[in-house]
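# Observations on the three-dimensional arrangement
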Amino acid sequence: MVASIILWMAFAAALVSAFAYHQTATKKQMLVSLARRSFLLMAAGVVAASMLLMIYILRHQFEYAYIWSYSSRDLPTHLLITTFWAGQEGSFMFWALCSTLVGFALLNDTRRNRIEYETMAVYAGLQAFLVLLLIAKSPFKYIWDAYPNELKSGMIPPDGRGLNPLLQNFWMIVHPPVLFLGFAAMAVPFSLALAALWKKTYSDWVQSALPWALFAAISLGAGLIIGGYWAYGVLGWGGWWGWDPVENSSLVPWIIVITLLHTLIVQKKTGKLLRTNFGLAILGFVLVIYSTFLTRSGSLGDASVHSFTDPGSVVYSLLVVWILTVTTVGFVMLAKRWKELRQMAQGVGMMTRESLISIGAAIMGASALIILFGTSWPLIANSTVEPSFYDNMNLPVAVFLGIILGLSLLVQWYSESATGLLRRSLSSLLVAVVGAGILFAAGVHDATMIGLSAASIFALAVNFKRGLQLAKQNGRLLGGVLSHMGLAMLFLGIIASGRYGQKQTASLPQGETKELLGYNVTYSGAEEIDGKYHFAVRVERNGSSFVLTPVMYNTSYNNSVMREPDYRILLAGDFYLEPVSVEATGAAEDENHVYSLARGEPITLGGSTFTFLRFDMNQHGSEGMNSGDAFTVGAVLEITRGKNTETIIAASVFNQGTQPVPTPISTKDGKVRVQLLGMNIDMDSKQSTVTMEILDSDDPHDHGVEAIKTLVVEASMKPFMSLVWIAAVFILGGMALSLWNQKRIPGVPRKSNGQSKLTKHQQEKETLLVEQQ
């Protein structure tokens, strides 16, 4: 109750702040003090509510539905903290918290630069909308209000449902917070752009927007690459990028903000591309909200493994209203100033640096449009596009982008530079041709792949050469060059690891050596640790060897089997091993472990007592299987071993005319595994029975892990996969260096309307700063 009141106060304070700033900006009333105090009150409210949620999580207060849904008493503290942002309600709260922190910095920045009133009026309005979403989807809803048919008022469950096993990883601590910080930062260029349109100061905002756009690009980029590494190394998805719609929805705003960075630099240097910059700043934040809509509206529930379930009609409607409001206000303001901006427009020429950056911006825009179309397709046709769609459509885009990455550094600002271009690019062209020839000889015969490789090598060579020149002048100026080199390397890494990777599935009988992808692979056996099976697989080649230990385990969270891959980084690429299934032989297969359990009547097997309690028709994570004639049923089983009692749900998919499809489920210690094989519901006597397969390690007839004799794996060879991660470090490191330089290079005055007159020394500094971007 207290937290809900605090959120309502924060919402009211945000509205008051936006109104007071608006009144001050329009000079109707001078309410600066009220505006600032209201914004600080809103910020205090969001921080206080966030602190309360964290306290409730750490204290296991399961009377709150959100905390019960995503946490449990057995979670270690570091994972317990991550449940703050694990679900919809908490993620809205964390976004609001990040926006509050960004708002503090923005308030100080705008006060110093005298653009506070208009900018903060817009930002406070955005914050009010975000807090309203948080109120509509509150993490402080009581569990008996969320489940009125299952719990009486005041009833508190003894434990929570727990965190999805897929999220129980170190990267859960880093990945979502970094992305949300980027989402929050994207609101700043939007606010600055609308403030500039409001004040009709079309150049001043660029200086303030550049560091924020860089910060947003770094945060979003880091979030994307961390998510990719998480998927590759832990989740076992077989790759680092799968064109998942929710992944794409975060990629598109990143592409737009990267494009905005380059066009802002053009305006800062030449005064050109004013309309483009306003449009990109508005579009970038619109796409952030659209990303939120796709992820949290339930629209992609069947299309993405990341998507949340339907949040309810109120939140759905608020998200739609937020998108429409931001889009309408932003582009209507731009339309009102369009005529005036067009009068200030200047041509970019044919072969100038600004013209090539403009072409590059158009190419990036084309890529964003392709990805946005494919990502939004489930909203139109209730189906998804294949990953090959994105690959094939973006391939020519990447080729042209690679060429632009190189050519843009070989031409000059303002003046046409076609003369001598061939001479300046000759050495890099030769490197590209030689590099493409080597790849062709190595087996890369696809024409488009050769084209992308040549363009990437050309861009890499040009930027490397430029980097050597800048390093002699000032090493801090290498930011842009490093990022461009990183992008070129990323293209090469994608070609090698994606297009020319190898994959093979095989059954590995224990102790028997098989050849996979040129390596001798031997499955040595399995070890059970905390209910997880660790499979030891020795890999040998040319006298050297290493052991990989992929993992499989059953989870009661969503009644499914979890798989964790293992891989080894080699000079030529990564050897990647993912477990698929296990085949048991010996006693566990020969003996009959099938039992009939009547509801409420316990049976004892080995050292355990089993009691069938009831059926569960609402299996978490099984919604997509309850379609047509198929339906999912769970049997709630109470298992007592000594003084310990545990309840698990064994689920099975039943379909008329076919055998049930059970999902094996194990106890937390992994010593008992059960499967629901059948059921008999007697409505007259209310005496129902279930048929279960029960394997108990304390049963002398059950050999447990020893029965696992054959491991089925999928082995992959991913050439030069490390190049992808090195490229990511270059891209993010270069942008971080550029952000640092925004504050480090002194003596560059802020521009007012039109171009400021700089001294020759200042012009040299300005040129170096812009070129290194």
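Our subject is the structure listed above.
Summarised in this report is the structure supplied together with it. Fair warning: this is a prediction, and the values are worked out from it, not measured in the lab.

Time to look at the overall build of the protein chain. Looking only at helices and strands, one finds 20 helices and 19 strands in the protein chain. Per-residue burial for the protein chain yields a buried fraction of 54% across its 773 residues. Counting contacts in the protein chain only where the partners sit at least 6 residues apart, residues at least 24 apart contribute 70% of the total. With an accessible surface of roughly 33,700 Å², the protein chain has 59% of that area assigned to carbon and sulfur atoms.

Read from one edge of the open sheet, four strands run β10-β18-β17-β16, paired in antiparallel fashion. Each edge of the open sheet is held by one strand with a lone partner, namely β10 (594-598) and β16 (665-666). Taken together, the eight bridges between strand β17 (residues 672-680) and strand β18 (residues 689-696) define a ladder with antiparallel strand orientation. Bridging across to β18, N680 finds its partner in T689.

What follows concerns the environment of T270. Considering the arrangement of structural elements, one finds T270 in helix α10 (residues 245-270). A polar contact of 2.7 Å, which involves the side chain of T270, links it to the backbone oxygen of V266. Polar side-chain contacts of T270 include one of 3.3 Å to the backbone nitrogen of K272.

This structure, assessed with the given rule, holds six salt bridges. Ionic pairing is found between E116 and R36, a salt bridge with its closest N-O pair at 2.7 Å. Here the residue E116 occupies a position in helix α6 (residues 116-136), and R36 occupies one in helix α2 (residues 32-58), the gap between them amounting to 80 residues. The class for E116 is buried, based on a relative accessible area of 5%. The exposure class of R36 is partly exposed, given its relative accessible area of 23%.

With that settled, consider empty space enclosed by the protein. Applying the stated rule across the entire model yields five cavities of 30 Å³ or more. Roughly 60 Å³ of volume is contained in the second largest cavity. Contributing to the lining of the second largest cavity are W95, S99, Y123, L126, Q127, L130, A184, A187, F285 and W322. Ranked by residues supplied to the lining of the second largest cavity, first place goes to α6 with four residues. Tallied by class, the residues present in the lining of the second largest cavity amount to eight nonpolar, two polar and no charged.

Rules behind the numbers
Residues numbered from 1 in each chain as written. Predicted model: local features only at pLDDT ≥ 70, side-chain atom pairs only at ≥ 80, totals over all residues. Heavy atoms only, no water. Helix = DSSP H or I, 4+ residues; strand = E, 2+ residues; numbered from the N terminus. Buried < 20%, exposed > 50% of the residue type's maximum accessible area, 1.4 Å probe, protein only. Contact = heavy atoms within 4.5 Å. Areas by Shrake-Rupley, 256 points an atom, 1.4 Å probe, with all protein chains shown as cover. Pairing = 2+ DSSP bridges. Polar contact = N/O pair within 3.5 Å; in protein donor to acceptor, adjacent residues only side chain to side chain. Salt bridge = Lys/Arg side-chain N within 4 Å of Asp/Glu carboxyl O. 1 Å grid on protein atoms, 1.4 Å probe; cavity = no way out; pocket = protein on both sides within 12 Å on 5 of 7 lines; lining within 4 Å. Points joined across faces, edges and corners; volume = space filled by probe spheres on them. Nonpolar A, V, L, I, M, F, W, Y, C, P; charged D, E, K, R; others polar.

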